[in-house]
Amino acid sequence: SFINEGKLSPYTYYYDHAPAGWMFMGIWFFITGGLTTFGQNPLISGRIFIFILHMISVLLLYIITKRVTKQKLAASLAVIIFSLSPLELYYGRRVLLDNIMIFWMSLSLFFATYNPQRLKFVILSAITFGIATLSKENALFMGPAILYMIWIYTKKRTQIWSLTQWIFVS
């Protein structure tokens, strides 16, 4: 509906999830040439999309954990635990808005833990957090954790300003 008709939904009165995840998926189908580009079943194209997002999220998880712990072993263990967790094994390959949200949350945490912290990374973290929230509303529960990361990684004299900017932009 978003790609073909330019509307969020083909119906006038319809309640659904936040629109960014569906838009992101629609952009994927538009770029790749449609629902059946990778086979007759549209789920195959969707699963390839989710797989690409998963691989990027795993890379971001490794970088974030390495930044926070300053240890390669901890980062490697985080990636292994995330990738082999029962929830990820079952739901991670499915075409769900949650998987799109995880990608955007990982990107937000990536920017929030950038060291030395600059205002542009705080703003990028806020934008990607906003997209994560518009992909799936459950992203809101990670807001306090990201604010805490920004508090830790910014200089004392700019902490309040950075937090205010992050809240305002997101």
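Anything mentioned here points back to the structure above.
Counting from 1, residues in each chain are numbered in the order their sequence is written. Thresholds applied to this predicted model are a pLDDT of at least 70 for local features of residues and 80 or more for the giving and counting of side-chain atom pairs; totals over whole chains, interfaces and linings are not thresholded and use all residues. Excluded from the side-chain calculation are hydrogens and water; included are all heavy atoms of the structure.

J.: Looking at this structure, how should I read the overall build of the protein?
T.: Looking only at helices and strands, one finds eight helices and zero strands in the protein. Labels follow the DSSP assignment, with helices taken as runs of H or I lasting at least four residues and strands as runs of E lasting at least two, numbered in each case from the N terminus. The order of α-helices and β-strands along the protein, N terminus first, is α-α-α-α-α-α-α-α. Counting only C-alpha atoms and orienting by the principal axes, one finds that the protein spans roughly 55 × 40 × 25 Å. We call a residue buried when its accessible area falls under 20% of the maximum for its residue type, exposed when it is over 50%, and partly exposed in between, using a 1.4 Å probe and counting protein chains only. Expressed as a percentage of the 170 residues in the protein, the buried residues total 38%. Should any heavy atoms of two residues lie within 4.5 Å, those residues are considered in contact. Looking at the protein alone, contacts between residues at least 24 apart form 61% of all its contacts between residues at least 6 apart. Each accessible area is a Shrake-Rupley estimate made with a 1.4 Å probe; only the visible protein chains count as cover when residues are assessed. For the protein, the computed accessible surface area is about 10,500 Å², with 69% contributed by carbon and sulfur atoms. Side-chain charges in the protein split into 14 positive and 5 negative, and the spacing between the mean points of these groups amounts to 21 Å. Asp and Glu are treated as the negative residues and Lys and Arg as the positive ones, with His and the ends of the chain left uncounted. Just so you know, the charge point we use is NZ for Lys, CZ for Arg, CG for Asp and CD for Glu.

J.: Teacher, can you tell me more about a positive patch on the surface here?
T.: Patch membership is restricted to residues that have no salt bridge and whose relative accessible area is over 30%. Joining uses 9 Å for like charges and 5 Å for the nonpolar side chains Val, Leu, Ile, Met, Phe, Trp and Tyr. A carboxyl oxygen of Asp or Glu within 4 Å of a side-chain nitrogen of Lys or Arg is what we treat as a salt bridge. A cluster of basic residues, R118, K120, K155 and R157, forms a positive patch at the surface. Looking at where R118 falls in the secondary structure, it is placed in the loop between α5 (97-112) and α6 (119-135).

J.: Is there a simple way to think about a nonpolar patch on the surface in this case?
T.: On the surface, L73, L77, I80, I81, L84 and L89 cluster together into a nonpolar patch covering about 630 Å² of accessible area. Per-element accounting of the nonpolar patch gives the leading share, five residues, to helix α3 (residues 72-84). Of note, L77 is situated in helix α3.

J.: What exactly am I supposed to notice about the packing of aromatic side chains here?
T.: Two numbers describe a pair of aromatic rings. These are the distance of the centres and the angle of the planes. Any two of the Phe, Tyr and Trp rings considered here, Trp counted by its six-membered ring, make a pair once their centres fall within 6.5 Å; the pair's planes then place it as stacked at under 30 degrees, edge-to-face at over 60, or tilted in between. For the structure on display, the rule yields 11 aromatic pairs. With 6.4 Å between their ring centres and 20° between their planes, F111 and F121 make a pair best called stacked. Linking F111 in helix α5 with F121 in helix α6, this pair joins segments that are 10 residues apart in sequence. Per residue, the accessibility class of F111 equals that of F121, and both read buried. Feature note: the residues F24, W28, F38, F49, F103 and W104 constitute an aromatic cluster, connected by ring pairs. A ring has a charge above it when a Lys NZ or an Arg CZ is no more than 6 Å from the ring centre and no more than 35 degrees off the ring normal. Directly above the aromatic system of F110 lies the positively charged group of R67, at a separation of 4.2 Å from the ring centroid.

J.: So what exactly am I meant to see when it comes to the pattern of salt bridges here?
T.: Side-chain pairs of opposite charge can arise whenever the charged atoms involved come near each other. Taken as a whole and assessed by the stated rule, the structure comprises one salt bridge. As a salt-bridge pair, K136 and D98 come within 3.7 Å of each other at their nearest N and O atoms. Pair noted here: K136 is in the loop between α6 and α7 (143-153) and D98 is in helix α5, with a separation of 38 residues, a long-range link. What makes K136 buried here is its relative accessible area of 13%. Classification of D98 by relative accessible area gives partly exposed; the value is 26%.

J.: How should I be thinking about the packing of helix α1 (residues 19-32) against helix α2 (residues 42-69) in this particular structure?
T.: Relative placement of two packed helices is described by the angle separating their axes and the distance separating the axes. Relative orientation of the contacting elements α1 and α2 amounts to 110°, with a least axis distance of 11 Å. Considering their axes alone, α1 and α2 lie roughly perpendicular with respect to each other. As α1 packs across α2, the resulting crossing turns out to be right-handed. Note on element contacts: α2 touches α1 through P42, S45, G46, I48, F49, I52 and L53, opposite F24, M25, W28, F29 and T32. As a working rule, the residues Ala, Val, Leu, Ile, Met, Phe, Trp, Tyr, Cys and Pro are called nonpolar, Asp, Glu, Lys and Arg charged, and the rest polar, with Gly in that last group. Looking at side-chain class alone, the contact of α1 with α2 contains nine nonpolar, three polar and no charged residues. To define axes, lines are fitted to C-alpha atoms, for helices over the stretch in contact only, and angles between the resulting N-to-C directions are given on a 0 to 180 degree scale. Working rule for angles: under 35 degrees goes down as roughly parallel, over 145 as roughly antiparallel, 65 to 115 as roughly perpendicular, anything else as oblique. Crossings are assigned a handedness: left-handed for a near helix turned anticlockwise from the far helix by less than a right angle, right-handed for a clockwise turn.

Nothing here speaks to function; it is geometry throughout.
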